[in-house]
Amino acid sequence: MALLELRNITKRFGRLEAVKEVSLAIEAGEFFTLLGPSGCGKTTILRMIAGFDAPDEGELFLDGKPLSGIAPEKRPVHTVFQSYALFPHLTVAGNIAFPLEMIGRPADEILQRVRETLELVHLEDKGSAFPHELSGGQKQRVALARGLVNKPRVLLLDEPLGALDAKLRERMQGELVALQREVGVTFVFVTHAQQEALALSHRIAVMNAGRVEQLDVPEVLYSSPKNRFVADFIGNINVLNCLVAESSPHGLRLNVEGLGEIAAPAHPEIAAGTHGVLALRPEYLRVGPATVQASLKNRFLGTVSEYLFLGDETVYKILLDNGTVLEALVANAAPGRARFHDIGERVQVEWRHDAGVFLLA
Amino acid sequence: MKRGFLLWCAALATYAFLYLPLAVVVLFSFNDSELNAAWVGFTTHWYSRLLADEVLLQAAGNSLLIALVSSSIATVLGTMAGIAMHRWRLRLLPFLVLTPVAMPEILLGVSLLLFFRQVLDLTLGLFSILVAHITFSIGFVAIIVRARLAGMDESIFEAARDLGASPWRTFTRITLPLILPGIVAGYLMAFTLSIDDFVITFFVAGVGMSTLPLQIYSMIKVAVTPEINAISTLLMGLTLTLIGLASRFAPELWRSKS
């Protein structure tokens, strides 16, 4: 049985449907992420789990028991807020002790557990500091410690890394994953940053306009997006407009106007004559001189229109002969050469027949 | 350079206009002369005369008692109103609470007098003064408490609930300590307003009941004696101290937000 289950949850604010018939089952010990653009309903779901908002339809279950009517303070669920929401008049230790005091633990136990939790988040020497004396990363850790100190069944994290600068965010991502593994508490993480979601999560629910578009492990979401929204939202992706020429159990044959035919993985629900797009990740493309014999099944010719040297890799923008621009990511795997093609050079772009995903337009 | 000089002159003139009369009062309260005309010499004679003036001391005692009680009650009610105005987007409450703040004092005085006499048929005195002072102080306290709350991160209160605190414990452990400086500032404001008030008190005091401002006024009708300078100086000192304290507790009210 899932630890936390949402069954057909709908939430309206006035005439706006913020969450539409969402069903999710989150397992114990999981690092589960709700990913989507702002306004997609992910924070509303978090607030319903925490008990700040009640669903208009549907029901939430924790350990199989319905949560409706249970006040936020009675739920074994804690939240790490985007603004951290530390109590400014209490010290770090006072903040962390707060949830323990609320359930009436004896003073010596509180002292002991506050000390352990401070160690867990590497803030042993900050117990007597006040929140305004801490850096952003330290506040973040105090918020985490406060949320974890009395071992909730679920920890909700609302864009907790949003306020940190890029370098610190990367470090905190690593710490979050390690922390979750160490304490074993189920994390429900909300973010709009797809890279963060991919890096941290066991499973991700991609949300858009109140609905879950796709729910899967990061690798599958990345390599097999179900629709245009998921494909666009996660990572960079190229799209080629095409028409299905043939659909068989062996694969799809797609006709790209002005360029020719290409092969794509089989898709049983797609019939010949369907219009759609082939979605291709930039790193799946191989770029080479136009004169060389093709080694992969799919190949188009084009001209380099731009390149961006990023250090570890170089992005080529290639203008195909029908006017479509493809981005190709080439790893700079050895020192010395970082630039293989010049602007204006004729090149070929090739990819494996199973690299692309056919999506309805 | 020249513009800076003119600006300084204008500022000095403004401050002089505001504070010179007060300075004169303070100065002449130490003047060893019955007349407020020329400086004769330094004395604290008028202050010791004050301490012997039974009627004045009685009035001062009334004023202190009224200020203490009315500001205490107004602080409790005003704090509740401030929190309610912040938490719920009520339309009527801010109107009802804040109107006495904006209302001309004379209007408030007359209407309270009519209300006490014609509607309630109350004997005017200590009680009617107390009710009147509470009425006009609530709004000030509510404004200060609401301003304090408005500057706070709302998720702090949600965090308290989330971490296991009931609504009541959230209030006592989190909300109250955080707005306490505002409450103290509001209390000091209410105290100052009460102890200084003349117009409204004049209407609702009735016969036989006097407060310090009323007493000073009746003394002035005879002559402006140095004794009045002395009592005014003391009152001014008390007011400035309270305002200074209030601004320390709620600096956001006195400073413009950047």
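First, a word on scope: everything that follows refers to the structure included in this document. (Residues numbered from 1 in each chain as written. Chains lettered and ligands numbered in written order. Predicted model: local features only at pLDDT ≥ 70, side-chain atom pairs only at ≥ 80, totals over all residues. Heavy atoms only, no water.)

## Some details on the pattern of salt bridges
Using the criterion set out here, one finds 22 salt bridges over all chains in the structure. Residues A:Glu101 and B:Arg173 are paired through a salt bridge, measuring 2.8 Å at the closest nitrogen-oxygen approach. Of this pair, A:Glu101 sits in helix α2 (residues 92-102) while B:Arg173 sits in helix α8 (residues 167-196), placing the two residues on different chains. Residue A:Glu101 is classed as partly exposed on the basis of its relative accessible area, which comes to 27%. (Salt bridge = Lys/Arg side-chain N within 4 Å of Asp/Glu carboxyl O. Helix = DSSP H or I, 4+ residues; strand = E, 2+ residues; numbered from the N terminus. Buried < 20%, exposed > 50% of the residue type's maximum accessible area, 1.4 Å probe, protein only.)

## Digging into the pairing of strand β14 (residues 275-280) of chain A
Residues and elements named next belong to chain A. Within β14, five of the six residues are buried, leaving the element largely enclosed by the surrounding structure. Judged from the six bridges that link them, strand β11 (residues 238-248) and β14 form a sheet pairing that is antiparallel. Bridge pairing in β14 links leucine 240 to leucine 278. Where β14 lies against strand β20 (residues 357-360), four bridges are found, and the strand directions are antiparallel. (Pairing = 2+ DSSP bridges.)

## Re the side chain of A:Glu196
Residue and element names in this part refer to chain A. With respect to the helices, strands and loops of the structure, glutamate 196 is situated in helix α6 (residues 194-200). There is no salt bridge for the buried glutamate 196, and the closest opposite charge comes from arginine 169, which lies 4.4 Å off by N-O distance. Polar contacts involving the side chain of glutamate 196 include one to the side chain of glutamine 173, which spans 3.3 Å. Every residue in contact with glutamate 196, bar those within four places of it in the chain, is listed here: Leu161, Arg169, Gln173, Phe189 and Thr191. (Lys, Arg positive; Asp, Glu negative; His and termini not counted. Polar contact = N/O pair within 3.5 Å; in protein donor to acceptor, adjacent residues only side chain to side chain. Contact = heavy atoms within 4.5 Å.)

## Looking at the packing of aromatic side chains
All names here are of chain A. Taken as a whole and judged by the stated rule, the model has 17 aromatic pairs over all chains. Both rings, one in phenylalanine 31 and one in phenylalanine 189, keep their centres 5.6 Å apart while their planes meet at 55°; by these two values the pair is tilted. Residue phenylalanine 31 is found in strand β3 (residues 31-35), and its partner phenylalanine 189 is found in strand β8 (residues 186-191); the two are separated by 158 residues along the sequence. For phenylalanine 31, a relative accessible area of 1% translates into the label buried. Phenylalanine 189 sits in the buried class, given a relative accessible area of 0%. (Phe/Tyr/Trp six-rings, centres within 6.5 Å; stacked < 30°, edge-to-face > 60°.)

## Some remarks on the nonpolar core
Grouped together as the largest cluster of nonpolar side chains are 50 residues, with contacts concentrated most on A:Leu34, A:Ile45, A:Phe87 and A:Phe98. Of all hydrophobic cores here, the second largest spans 33 residues; its members include A:Leu86, A:Leu100, A:Leu168 and A:Phe189. (Core = buried A, V, L, I, M, F, W, Y, C linked by side-chain atoms within 4.5 Å.)

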